[in-house]
Amino acid sequence: MFTATRAGAAMAITSMLCVQLGLAASVGLFDQIGPEGAAWLRLAWAGVLLLVLIRPRRSAFSRSSLLACVALGVVIAGLTMLFMAAVARLPLGTASALEFLGPLGVALIRGKGGSRVWAALAAIGVLLLTEPWQGTADLAGIGFALGAAVCWAAYILLTQRVGDQVSGVQGLAVAMPVAALTATLIAGPTVFGQLTWQLLLVGLGLAVLLPVVPFALEMLALRRLTTAAFGTLMCLEPAIAVVVGLLALGQVPGIAPMIGIAFVVAAGVGAERTGSRLTDVGAKPAYDQPAET
């Protein structure tokens, strides 16, 4: 049980590291085609890559699991596009704090006993880390960020459902093309005229770093963790963002963010130790095991 939980936590943390490295590497794309365009380009390439490499088979899906994959794809597109729209209107710290209401909400609602303590501790850490009281926020940006929070909560729940029903990353190979098509309807027409071969190649590389690898790792992690533990672990992402920002972008955090890092790291450790899914009623095994002979 403990081994499965630690493996799931490691996958979740690796996923978050890939996300932040991908965002840092996307700064150039934001300048050329805007944040929504950069998000669309990554989703489009990710959809193509997974469809070609995984080649999902219709026989691997029940009607219920296929619908869940389609819903997951729409949620992935919504999460990505809404968050980018929020960042365009709000300070990054404010947008991040509002978006983290999604996984924190999952952790609080689905958690039991001590797990809610870790979620509350993480919430305090996120506030200190992102300092949402800094800067001026507009209502549209707040609305986009809250929409992203709702999508993130739905993403956690749907990813776990898809991971339980479909083997490997077959489900993601359906969800990501759906996300790409959804994002194309939203942002594609405004970006097509700005594309160059150089941008396409950069987008291909970034798609591997974000979102292909992170989303695949998260789907595997959610087979080993409760949604409460996963939601709390996601609160480590602001701490990882501070480290990546410091090393890659030269962004030096203040005292409050450093204290916030300590809070969310403590919450993440607590979630790792209480987050196994092996006791979930009706759930599939939390990790692959060889068949008994």
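About the criteria used
Residues numbered from 1 in each chain as written. Predicted model: local features only at pLDDT ≥ 70, side-chain atom pairs only at ≥ 80, totals over all residues. Heavy atoms only, no water. Helix = DSSP H or I, 4+ residues; strand = E, 2+ residues; numbered from the N terminus. Contact = heavy atoms within 4.5 Å. Areas by Shrake-Rupley, 256 points an atom, 1.4 Å probe, with all protein chains shown as cover. Axes fitted to C-alpha atoms, helices over the stretch in contact; angles between N-to-C directions. Left-handed = near helix turned anticlockwise from the far one by under 90°. Nonpolar A, V, L, I, M, F, W, Y, C, P; charged D, E, K, R; others polar. Parallel < 35°, antiparallel > 145°, perpendicular 65-115°, else oblique. pLDDT = per-residue confidence, 0-100. Buried < 20%, exposed > 50% of the residue type's maximum accessible area, 1.4 Å probe, protein only.

S.K.: Residue-level account of the overall build of the protein, with values.
M.R.: Looking only at helices and strands, the protein has 12 helices and 0 strands in total. Going from the N terminus to the C terminus, the protein shows its helices and strands as α-α-α-α-α-α-α-α-α-α-α-α. Taking all contacts inside the protein whose residues are at least 6 apart in sequence as the whole, residues at least 24 apart take part in 89%. Surface exposure of the protein reaches about 13,300 Å², of which carbon and sulfur atoms provide 69%.

S.K.: Hey, could you go over the packing of helix α2 (residues 27-54) against helix α8 (residues 170-191) for me, with residue numbers and the actual values?
M.R.: Their axes nearest at 7 Å, the elements α2 and α8 cross at an angle of 145°. Both α2 and α8 take part in a crossing whose hand is left-handed. In this structure, α2 contributes I33, E36, G37, W40, L43, A44, A46, G47, L50, L51 and I54 to the contact, and α8 contributes Q170, L172, A173, M176, P177, A179, A180, A183, T184, A187, G188 and V191. Here the contact of α2 with α8 is composed, by residue class, of 17 nonpolar, 5 polar and 1 charged.

S.K.: Pulling in residues and values, what's your account of the packing of helix α3 (residues 63-89) against α8?
M.R.: Axes are the key here: two packed helices are described by the angle between their axes and the distance separating the axes. With their axes 7 Å apart at the nearest point, α3 and α8 run at an angle of 45° to one another. Classified by the interaxial angle, the pair formed by α3 and α8 is oblique. Remark: the crossing between α3 and α8 carries right-handed chirality. Side by side, α3 and α8 meet where L66, C69, V70, L72, G73, V74, I76, A77 and M81 of the first sit next to G171, L172, V174, A175, M176, V178, A179, T182, A183, I186 and A187 of the second.

S.K.: So what's going on with the confidence of the model for the protein? Which residues, and what values?
M.R.: Looking at the protein, the pLDDT average stands at 81 and 87% of residues meet or exceed 70. Mean pLDDT in the protein bottoms out at helix α4 (residues 92-99), which sits at 72, and peaks at α8, which reaches 92. Across residues 278-293 the pLDDT falls below 50, and counting only partners more than four positions away or on other chains, this stretch makes 16 contacts in the model.

S.K.: Outline unusual backbone geometry, supporting the account with residue identities and numerical values.
M.R.: Here L210 and P211 are connected by a cis peptide whose omega angle stands at 20°. By the element assignment, P211 lies in helix α9 (residues 197-221). With a phi angle near 50°, R55 is a residue other than glycine that sits in the positive phi range. The exposure class of R55 is exposed, given its relative accessible area of 62%.

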